[in-house]
Amino acid sequence: MLNPKTIDDASIDQRVYQLNLGPQHPSTHGVMHLLVTLDGEVVLKVEPVIGYSHRGHEKMAENRTYEQFLPNPARMDYLSGMIFNHGYCMAVEKLCGIEVPRRAEYIRVITSELNRIASHFIGAMDYAMGLGAITPFLWGWDDREHILDLLEGITSYGRFGGVRNDITREFYDGTRRFIDRLRGRFWDYENLINQNIIFIKRSQDVGVITKEVALDYGVTGPTLRGSGVGYDVRKREPYSAYPEFTFEIPTREAGDCLARYQVRMAEMEQSLNIIEQALDHLPPGPIRAKVPRFVTPPEGDCYCAFESARGAVGFYIVSDGSRIPYRIKVRAPSFSNLFVLTEICPGHFLADVIAIFGSIDVTVPEIDR
Amino acid sequence: MPTAEPTKPLENIRNSLVQVIPEAELLDRDYQECGYHLEVRLVMRGMRRMAREMKDRRFFLETITAVDFLEYFHLIYLFTTYNEASFRVMARVKLLPEVRPFSVWTIYPEAIWLEREVYDFFGIRFEGHPDLKRIINPDDVDYFPLLKNFGKTKFTTDIDDILC
Amino acid sequence: MNITQLPYLKDIYAFLGSDVMSGMVGLLIIAAIVPLNVAFLVLVERKVAGHIQLRPGPMEVGPHGILQTLIDAVKLLGKEMVTPQSTDKLIFFLAPIIVVAPAFVGFVPIPFSPMMQVKDVNVGILLIFAFSSISVISILMAGWSSNNKYSLIGAVRSVAQNVAYEIPLLLATMSVIIMTNTFKMGEIVQAQSSVWFIFYQPLAAMIFFIATTAETNRAPFDLVEAESELVSGFHTEYTGMRFSLFFLAEYTNMVIAAAMFTVLFLGGWYGPLFPGMIWFLIKTYFLIFVVMWARWTYPRIRFDQLMNFAWKVLIPFALVNLLLTAIVLKVV
């Protein structure tokens, strides 16, 4: 897949050498290859090599009907699968002009937010694991198990026009219990990790992304909000049922790894608020609009943006009037977020590269599609 | 559904773009229908000027992609702001095959990877790109996967859409 | 006919009662106990890790997973000992041996109870320190001979770390030694018959504990074997029995370090009710539990922060402590 070329400096200066972090590596989030050029312990250059999990989703989109492509978005970013599913359904509905019933929107929002919490558990705790604290990672998985049990219970993936399954009594009670439980658990994480002096010393002022760099590289998501820019697609271009909920967009000013971690933890609390409001005001009604068997959007194109756990995702769909899309382009936030690594890593230590990479929270299959 | 209303700031952008790239065609689009507010149609020239203008107005480059229409390409650039009045501008560049557009990486460094991806999948080469090589596909393949005359598309084979 | 009248039997009798014999018997006992100890500790580590992480740990093999280490040892024995082609063969072969040998010798002067001590060497404390320094060389040998960038980084880090943390370790020990005026471990314990030294020297005890965690490469100072960065550090290329020798050395070093802490600060075998040896073992294993607890709670320190901490924080404090102890002893 890659033929690494020796960097010219290495032959001139004996101290400079290249290290391959990956593709198989205990701390990279997927099959990810980082070519690091080091001088002793200081990083001179980081070059991410991607493409190890390329499966050709965009090509697949060109010879499947819209319904047949439904499973694919969830496989792109497997940690926010339901959010991608929600977004894809939204994109096709936008193109076709289908109106989705309110109850379905609420259910979509609830499952999306649960998925967001689950993804942030991995994102934040994987960062802690990259630093060497293995325990919070396993605690995070424990909490994730509860979410996955809930989601498995209803398996309410979106379909065009609504959702497939309605909320059951079990799901409703389980989610209520989960919200209460998780609110208590945040204290445990606070004591174990957030206040830990070693954790703070290793995260503060490491990997600072300034607003200028963020603008240059198109960074979105918690990575951006850790640098003080409060850009969240749910608030800027409200979609689905989000306008009816009150929630905040947490930001931190510092722009270092600690700020990004704190943003993720704060976002989990906000997601809990959204789920609670949605459960409180769940409207009755149908869960699926009447949609033709084969969705045939009119000719034209459409770009639909939504917020996944990693940043602003966009589905750009070009239709030629048939039931098979002409082109679907997925804008993956991890693609842009990963490229920032080349800008902010030089000058740090090797241990920091792992920390920064963990704090950016990249999902490699989303980059490769 | 409430949405970001295009008001004064959009007018400003429209006017400045008219000044910067007089040869472009500007279309106002309905955000509810297609997800972007302004469409700028260019024919092969003017992208760098537009990118410079967008950068000055604090837009970030959301994505660069291409659509293959067999006789020509549409190269699509999407710009969005971080600001409160958030809206989206799309630039559509009509490219004939074998034409090499200019790279915008000096203005938006993110374009280095985005243009590599477009090259990797469509074969569109960018003029002035520092490191134009494959990014997602293996390094040594000689095809461009997303072209319409490659692989299984409705132009090459009969696609039987099996009911799911 | 008296047995002592036969000339050759007299020599055998003299030999059997001599120091050499007791030394050999002691070493054999150590050689038997150390692997058992390690087996026990590996299981304890996994169980402790499991419970801290809200899961039960190994449960399959034996009741509550007690036989887990036995099965792991059998598995490791069965694995092929692969020697990569481009390694430096002799050093690659010697490194695991040299890392294990000092660990065995370190048990010699440790007084488990007034009578259970292989040999109360005159310079007991110094003996243990001297031998633990040898293991630093073996880590460097392992990292270098593996011919692998990751191993080399791990080995180099380890040498710097070990050298840096030996100094506060020695300074903290000196604070105790100038109070007791002897290097013999048995006498140091006897000097604590009324009050344990940890109450006289709390700062030295803390410095000793931190420095010894760093010397044995345990978290939060375990960047030598930082899994998330260097895969496995200096023992990446070792497989099978050689890998288990490194593990053996690490856990044995932990026990020796905990035993030293017990002797120097926690009063060795003194304690009500139970016989001396039981108290010694209780204290030692409690310390090991604390070290394991710290491992699963804290993230890892970065290398430059580690060195800063040793040179700029621990050594000055240890020096000040030593000075204060000397002044107080002179005045009082």
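Residue numbering note: each chain is counted from 1, following its sequence as written. Ligands are numbered from 1 and chains lettered from A, in the order in which they are written. With pLDDT at 70 or above as the cut-off, local features in this predicted model cover only qualifying residues; side-chain atom pairs require 80 or more to be listed or tallied, and sums for whole chains, interfaces and linings still use all residues.

**Q** Please clarify how the interface of chain A and chain C should be interpreted in this entry.
**A** A residue pair is marked as a contact if its C-beta atoms, positioned from the backbone, fall within 7 Å. Listed by partner, the interface residues are 26 residues for chain A and 23 residues for chain C. Helix and strand assignments follow DSSP, with helices taken as H or I runs no shorter than four residues and strands as E runs no shorter than two, numbered in order from the N terminus. Those elements that provide at least two residues to the side of chain A that touches chain C are β1 (16-21), α5 (102-131), α6 (135-154), α8 (197-203) and α14 (350-360) of chain A. Under the grouping applied here, Gly and all other residues not named as nonpolar or charged are polar, the nonpolar ones being Ala, Val, Leu, Ile, Met, Phe, Trp, Tyr, Cys and Pro and the charged ones Asp, Glu, Lys and Arg. Split by residue class, the side of chain A that touches chain C holds 17 nonpolar, five polar and four charged.

**Q** What is the right way to read the domain arrangement of chain A from this model?
**A** Buried accessible area, meaning the area lost when the parts come together, often serves as the stated size of an interface. Residues and elements named next belong to chain A. Segmentation into domains, and thus their bounds, comes from an automatic or database assignment. As far as domains go, chain A holds domain 1 (8-49) and domain 2 (57-368). Here the C-alpha centre of domain 2 lies 30 Å away from the C-alpha centre of domain 1. Across the contact, 15 residues belong to domain 1 and 18 residues belong to domain 2. The leading source of residues in the side of domain 1 that touches domain 2 is strand β3 (residues 42-49), at seven residues.

**Q** What's the story with the packing of helix α4 (residues 89-105) of chain C against helix α5 (residues 124-145) of chain C in this structure? I'm lost.
**A** Two numbers describe a pair of packed helices, the interaxial angle and the distance between the axes. Residues and elements named next belong to chain C. Between the N-to-C directions of two axes lies an angle of 0 to 180 degrees, each axis being a line fitted to C-alpha atoms and, for a helix, fitted only over the stretch in contact. Two elements in contact, α4 and α5, have axes whose closest approach is 8 Å; the angle formed by their N-to-C orientations is 160°. In this view, α4 runs roughly antiparallel relative to α5, as classed from their interaxial angle. Here α4 and α5 pass one another in a crossing that is left-handed. In contact with Ile91, Phe92, Leu94, Ala95, Ile98, Val99, Pro102 and Val105 of α4, α5 contributes Phe131, Ser132, Ile134, Ser135, Ile137, Ser138, Ile139, Met141, Ala142, Trp144 and Ser145. Class assignment for the residues of the contact of α4 with α5 results in 15 nonpolar, four polar and no charged. Roughly parallel means an angle under 35 degrees; roughly antiparallel, over 145; roughly perpendicular, 65 to 115; everything else is oblique. Left-handed describes a crossing whose near helix is turned anticlockwise from the far helix by less than a right angle; the clockwise case is right-handed.

**Q** For this particular structure, what's the right way to read the packing of helix α7 (residues 169-194) of chain A against helix α12 (residues 257-280) of chain A?
**A** All names here are of chain A. Running from N to C, α7 and α12 cross one another at 150°; their axes reach a closest spacing of 11 Å. Looking at the two axes, α7 sits roughly antiparallel to α12. α7 and α12 meet at a crossing whose hand is left-handed. Listed contacts from α12 to Tyr172, Thr175, Arg176, Ile179, Leu182, Arg183 and Phe186 of α7 are Glu269, Leu272, Ile275, Glu276 and Leu279.

**Q** Would you mind showing me how to read the pairing of strand β5 (residues 88-95) of chain B here?
**A** Residue and element names in this part refer to chain B. Only strands that DSSP links by at least two bridges are regarded as paired with each other. One ladder, built from five bridges, connects strand β2 (residues 38-42) with β5; its direction is parallel. From the neighbouring strand, glutamate 39 faces β5, where its bridge partner is methionine 90. Sheet topology places strand β4 (residues 73-81) next to β5; eight bridges connect them, and they run antiparallel. Paired with tyrosine 77 across the strands is alanine 91, a residue of β5.

**Q** Would you explain the interface of chain B and chain A in this entry?
**A** Each partner contributes to the interface: chain B provides 35 residues, whereas chain A provides 43 residues. With six residues, the top contributor of residues to the side of chain B that touches chain A is strand β3 (residues 59-68) of chain B.

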